[in-house]
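# Notes for the structure review
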Amino acid sequence: MSQIVVTLPDGSELEVEAGSSVEDVAYEIGPGLGSDTIAGIVDGELTAKSEPLFEDCELIIVTEQSEEYLRVLRHSAAHVFAQALQRLHPEAKLAIGPPTDEGFYYDVTGVDLEADDLEAIESEMEAIIEADYPIERVERSREEALEIYDENEYKREILETEAAGEETVTFYTQDDWQDLCRGPHVDSTGEIGAVKLLNIAAAYWRGDEDNDTLTRVYGTAFESEADLERFLEQREEARKRDHRKLGRELDLFSIPDVTGPGLPLYHPNGKAILRELEMFVDALNDAQDYDFVETPHLFRTELWKQSGHYDNYVDDMFLLDVNDEEYGLKPMNCPGHATIFNQGNWSYRDLPVRYAENGKVYRKEQRGELSGLSRVWAFTIDDGHLFVKPESIEREVNVVMDQINEVLDTFDLDYDVAFATRPEKSVGSDEIWEQAESQLRDVLEASGMDYDVEAGDGAFYGPKIDFAFRDALGRNWDGPTVQLDFNMPERFDLSYTGEDNEEHQPVMIHRALYGSYERFFMVLIEHFDGKFPTWLAPEQVRILPVSDDNIGYAKQLKNRYLGEFRVEIEDRSWTVGKKIQTAHDDRVPYMLVVGDNEEEAGTVSVRDRFEREAKDIDVGTFKTHLEGEVEEKRIEPDFVDE
Ligand SMILES: [Zn+2]
Ligand SMILES: [Zn+2]
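Summary of the structure given here.

Rules and cut-offs
- Residues numbered from 1 in each chain as written.
- Chains lettered and ligands numbered in written order.
- Predicted model: local features only at pLDDT ≥ 70, side-chain atom pairs only at ≥ 80, totals over all residues.
- Heavy atoms only, no water.
- Donors = N, O, S within 2.8 Å, 3.2 Å for Na, K, Ca; no water.
- Helix = DSSP H or I, 4+ residues; strand = E, 2+ residues; numbered from the N terminus.
- Buried < 20%, exposed > 50% of the residue type's maximum accessible area, 1.4 Å probe, protein only.
- Pairing = 2+ DSSP bridges.
- Contact = heavy atoms within 4.5 Å.
- Axes fitted to C-alpha atoms, helices over the stretch in contact; angles between N-to-C directions.
- Salt bridge = Lys/Arg side-chain N within 4 Å of Asp/Glu carboxyl O.

### Thoughts on the coordination of the zinc ion (ligand 1)
The coordination sphere of the zinc ion (ligand 1) contains the protein donors H75 (NE2), H79 (NE2) and C181 (SG), at a distance range of 2.0 to 2.2 Å. Spacing between the donor residues of the zinc ion (ligand 1) along the chain follows H-x3-H-x101-C. Placement of the pair is H79 in helix 3 (residues 68-88) and C181 in the loop between strand 10 (177-180) and strand 11 (194-204), with a sequence separation of 102 residues. Taken individually, H79 and C181 each receive the classification buried, so the pair is uniform in this respect.

Listed below in structure tokens is the structure:
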């Protein structure tokens, strides 16, 4: 028998016989690990523990302690769901049922399912878990599998595409039930601690709108009831804070059918927040000598061919035919900025050149993938492109990191940082990659930030640093990014004259401080639960006249004293109690209650959204405080101290 070399996560190498299974290798490492093995990750891919290894590979052993264990458990729960479904509805036809970040789903058809049906299926799942059936891997010939799925066109399609060249395929069985599956799975159904079916949605087969519509049942599974409880509580909180719900309640934005999918409309309240966000980054860019540029929403496809988008990105682009000439809505702002740079003659003394634009871009996502502001067709990037000498990458990236830090501090957001290095396929010389990576690494080291190295995860055109926001519910969202690019300068033949009088190619840095406004706005809405810091709040102050008689005084306050702020007067003839409640529901940071006493004394009673109150306050005192709070972008209203 020939030998293969298995590389373990600590870098050590183990020589084993070709054909050894993942589990065999684990036993080779140690008997304890062998018996704990649930699955393996072979060259990055989750694999059954019984899978034989025939080639040199990298192997991670998955045990109950591994992060991947939960995925294995959840995929097993998807099987349990499918078995339960078919016990109750034998006519149900199964398509695919993968694990997800939050649980699993199974796409099914041939059965009319409603939300009410889930409870019975869930009980059946619990019975299957209770019975603790062993889950076993069985190999069958592809021919046999095709016969088994005689009447299931979806499984047949899998057998005829993904498994086309294979003689045998694997099934996983539990009790009298089986499913075509590569695995891996836990050893028996009893290992699943807790399951819950969450909801039903429609989904296209393979996510393609031209295909059949299937019924997708979402569920989740955990090792214990306690873990499930925690998840459900968090999910309930997330539902309350859902930016689509708050967006409607606070009248921030809408995405109506009539205007098209994934094309958000910002209402005055939403745009008030966006304008503050724009002014904030514009000021940060101004302070770092950025030049502001503006580019249109569409270009000739000639440009997209030059930039490479046409070759690599055309499926995600909106193309238009104009007088027999093809144009494309811009999916990115960089080609426009590179072209502006290219109109000039540059010497080393002029560099770096820094362009900024709040640029709208358009990307054609599958309609089924669109969701609120998190996945859209049209969005705006707080984009910036720097054209720099290779030797000044470090300096420039440092400045960008300072800007990003300022953004992170201002919004009090938690985040993760990842440093993504050269992938297998890449453009640019070894020398320039080494130089660029070491400069980025130096910046990160000097910053003192914790960061993960994602080896080989860089863009093909250069290494990058990506930030992911962690929102109040612990979910991660793409945020700021700093990307080096050696490709676009080449494609656009960008150059500057060096000190040596020779032509040199600048490095391009793509960077965004928020990422996209849409994503960032979504994160803010959910992070703050709609209770925006005063500087962002669409309505910063609401004046509540105690009776209609005090409306005149309210108007005076608004116009004479608070003209620079976003102030509204509640002039509906309601009780003060109802006025206060409504202002709370609308999450207004400050309420000024004004009755006859206040009017006579020329004062206000200040309430904040924490229900704290300060009476008989001089208007000037309140105004001065408000100016400071807004200027310093403080997170919470803090006029009234406890
Ligand atoms: Zn499976
Ligand atoms: Zn760019």
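### Here we look at unusual backbone geometry
With an omega dihedral of 0°, the bond running from G183 to P184 counts as a cis peptide bond. Relative to the assigned elements, P184 resides in the loop between strand 10 and strand 11. Cis geometry marks the peptide bond from L351 to P352; its omega dihedral reads 0°. Mapping P352 onto the fold places it in the loop between helix 12 (334-342) and strand 19 (353-362). One non-glycine residue, D132, lies in positive phi territory at about 50°. Looking at where D132 falls in the secondary structure, it is placed in the loop between helix 4 (118-131) and strand 8 (136-141). Of note, the phi angle at D324 is positive, near 65°, even though the residue is not glycine. Note on placement: D324 falls in the loop between strand 17 (319-322) and strand 18 (325-329).

### Focus: the sheet that holds strand 6 (residues 93-94)
A sheet is described by the order of its strands in space; here four strands give the open sequence 6-7-12-11, paired in antiparallel fashion. The open sheet terminates on both sides in strands that have one partner only, identified here as strand 6 and strand 11. Across five bridges, the pairing between strand 7 (residues 104-109) and strand 12 (residues 213-222) is antiparallel. Each residue of the ladder has a partner; that of Y105, found in strand 12, is Y218. Its contacts with the sheet put helix 3 on strand 6, strand 7, strand 11 and strand 12, and the angle it makes with strand 7 is roughly 30°.

### Considerations on the pattern of salt bridges
With the rule as written, the count across this model stands at 46 salt bridges. Here R137 makes a salt bridge to E51, at a shortest N to O gap of 3.1 Å. Placement of the pair is R137 in strand 8 and E51 in the loop between strand 4 (45-48) and strand 5 (57-62), with a sequence separation of 86 residues. When its relative accessible area of 27% is taken as the criterion, E51 is described as partly exposed. Residue E632 pairs with R634 through a salt bridge whose shortest N-O separation is 2.9 Å. You can call R634 partly exposed: its relative accessible area is 22%. Here the salt bridges do not stand alone but share partners, grouping E539, R542, E570, R572 and D586 into one network.

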